Amino acid sequence: MRRRTRSSMEMGESDLLALRLLLEAERSGAAVQPKELAARLGMTSASMTALVDRLVSSGHITREPHPTDRRAVILKPTTGADAEVRHTLGNMHARMIEVAESLTPEQAQAVTEFLQSMRDAVDQIDMPQELVGAGHFHKAR
């Protein structure tokens, strides 16, 4: 999904992740400075500057004065960016729901059991084998 969203929006992985974090911050009422975003993404200051420049140039975010620190700026997603993400993901989610709803009850049960078994298998990866074999591992269903 992320690959297709990146492709549709013509963005790199870090760009899309940064935009997603900024959209989440805006919904929660938080102001985000470039240095905070860089820390969240594990990026250097230079890499963050390049990322911000790309997102500003593409019209996905803006740099605005910080409300209490006149030396600082905050990053905000544009209304168009929010709408573009919603449109891209909305179409994708609608198609995914359509596929899920097309399953018969038997098919849905088989998919559910398969995914639960895969989850159980992955959960056992870090568990010592003597605990797995001794019945200390219980399937959560």
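Residues numbered from 1 in each chain as written. Predicted model: local features only at pLDDT ≥ 70, side-chain atom pairs only at ≥ 80, totals over all residues. Heavy atoms only, no water.

Undergrad: What am I meant to see in the environment of serine 102 here?
TA: Mapping serine 102 onto the fold places it in the loop between helix H5 (79–101) and helix H6 (105–123). A polar atom in the side chain of serine 102 sits 2.7 Å from the backbone oxygen of valine 99. (Helix = DSSP H or I, 4+ residues; strand = E, 2+ residues; numbered from the N terminus. Polar contact = N/O pair within 3.5 Å; in protein donor to acceptor, adjacent residues only side chain to side chain.)

Undergrad: What exactly am I supposed to notice about the side chain of glutamine 33 here?
TA: Mapped onto the elements of the fold, glutamine 33 is located in the loop between helix H2 (13–28) and helix H3 (34–41). With near-sequence residues (within four places) excluded, glutamine 33 lies in contact with His66, Ala72, Val73 and Ile74. (Contact = heavy atoms within 4.5 Å.)

Undergrad: Quick question: what am I supposed to make of the packing of H2 against helix H4 (residues 45–57) here?
TA: Any two packed helices are characterised by the angle at which their axes cross and by the distance between the axes. Close contact between H2 and H4 brings their axes to 10 Å; oriented N to C, the two are set at 75 degrees. Considering their axes alone, H2 and H4 lie roughly perpendicular with respect to each other. Between H2 and H4, the residues in contact are Ser14, Asp15 and Ala18 and Leu51, Arg54 and Leu55, respectively. Of the residues that constitute the contact of H2 with H4, the class distribution is three nonpolar, one polar and two charged. (Axes fitted to C-alpha atoms, helices over the stretch in contact; angles between N-to-C directions. Parallel < 35°, antiparallel > 145°, perpendicular 65-115°, else oblique. Nonpolar A, V, L, I, M, F, W, Y, C, P; charged D, E, K, R; others polar.)

Undergrad: Looking at this structure, I do not really get the pattern of salt bridges. What am I missing?
TA: A side chain with one charge can pair with a side chain of the opposite charge if their charged atoms come near. Tallied over the full model, the rule gives seven salt bridges. Here arginine 63 ties to aspartate 53 by a salt bridge, and the two come within 2.4 Å at their closest N and O atoms. Here arginine 63, found in strand S1 (residues 61–65), pairs with aspartate 53, found in helix H4; they are ten residues apart in sequence, far enough to count as distant. Look at aspartate 53 and you get partly exposed, because its relative accessible area is 35%. Between arginine 119 and aspartate 120 there is a salt bridge whose closest N-O contact spans 3.4 Å. With relative accessibility at 35%, the residue arginine 119 sits in the partly exposed group. (Salt bridge = Lys/Arg side-chain N within 4 Å of Asp/Glu carboxyl O. Buried < 20%, exposed > 50% of the residue type's maximum accessible area, 1.4 Å probe, protein only.)

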